[in-house]
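Each chain, letter by letter, is given below.
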Amino acid sequence: MEKTVKTILLAMIPSILAIFLLIEYFPYTGLGRILSIPITLFFNLVILLIFVFITRKIKSKVYKSFYWITVILITVLVAIIMHPQESSPNVLIQIRELIITP
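I will try to describe carefully the structure that is included in this document.

Rules used throughout
- Residues numbered from 1 in each chain as written.
- Predicted model: local features only at pLDDT ≥ 70, side-chain atom pairs only at ≥ 80, totals over all residues.
- Heavy atoms only, no water.
- Patch = residues over 30% accessible without salt bridge, like charges linked within 9 Å, V, L, I, M, F, W, Y side chains within 5 Å.
- Areas by Shrake-Rupley, 256 points an atom, 1.4 Å probe, with all protein chains shown as cover.
- Salt bridge = Lys/Arg side-chain N within 4 Å of Asp/Glu carboxyl O.
- Helix = DSSP H or I, 4+ residues; strand = E, 2+ residues; numbered from the N terminus.
- Expected span 1.5 Å × (residues − 1).
- Buried < 20%, exposed > 50% of the residue type's maximum accessible area, 1.4 Å probe, protein only.
- Contact = heavy atoms within 4.5 Å.
- Axes fitted to C-alpha atoms, helices over the stretch in contact; angles between N-to-C directions.
- Parallel < 35°, antiparallel > 145°, perpendicular 65-115°, else oblique.
- Left-handed = near helix turned anticlockwise from the far one by under 90°.

It is worth spelling out a nonpolar patch on the surface at this point. A cluster of nonpolar side chains, contributed by Leu31, Ile34, Leu35, Ile39, Phe42, Phe43, Val46, Ile50 and Ile54, occupies part of the molecular surface with about 890 Å² of accessible area. The residue Ile34 is located in helix H2 (residues 32-55) in this model.

Between the first and last C-alpha of H2 there are 34 Å, a value that for 24 residues agrees with the 34 Å anticipated at 1.5 Å per step. Listing the buried residues of H2 in full gives Ser36, Thr40, Asn44, Ile47, Leu48, Val52 and Thr55. Buried residues along H2 sit against helix H1 (2-25) and helix H3 (61-81).

With that settled, the discussion passes to the packing of H2 against H3. The description of two helices packed together rests on the angle between their axes and the distance between the axes. The geometry of H2 relative to H3 is characterised by a closest axis approach of 10 Å and an angle of 170° between their N-to-C directions. With respect to each other, H2 and H3 are oriented roughly antiparallel. The hand of the H2/H3 crossing is right-handed. Note on element contacts: H3 touches H2 through Lys64, Tyr67, Trp68, Val71, Ile74, Thr75, Val78 and Ala79, opposite Thr40, Phe43, Asn44, Ile47, Leu48, Phe51, Val52 and Thr55.

In structure tokens form, the structure reads like this:
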């Protein structure tokens, strides 16, 4: 049980860091941030708990590593998708425009 809690806490670090970066670089959220941050953390926690139970049955360390990298990327993507914007377009659209436009 103790190992599971440590694993989940370590896996939550990238999504929490993503949330802090989103707040810093995309601040125009209005009051939506009050609801979106706890809901995002809850969804990410549920995703991680599901994958903890899935990866317990896997013996290969290579497959476990692959699953954990995938899960962590999914939680970061969930944090980005659920970040609200009041008057600007969605965060993914803004990031795409920053990358594509020269």
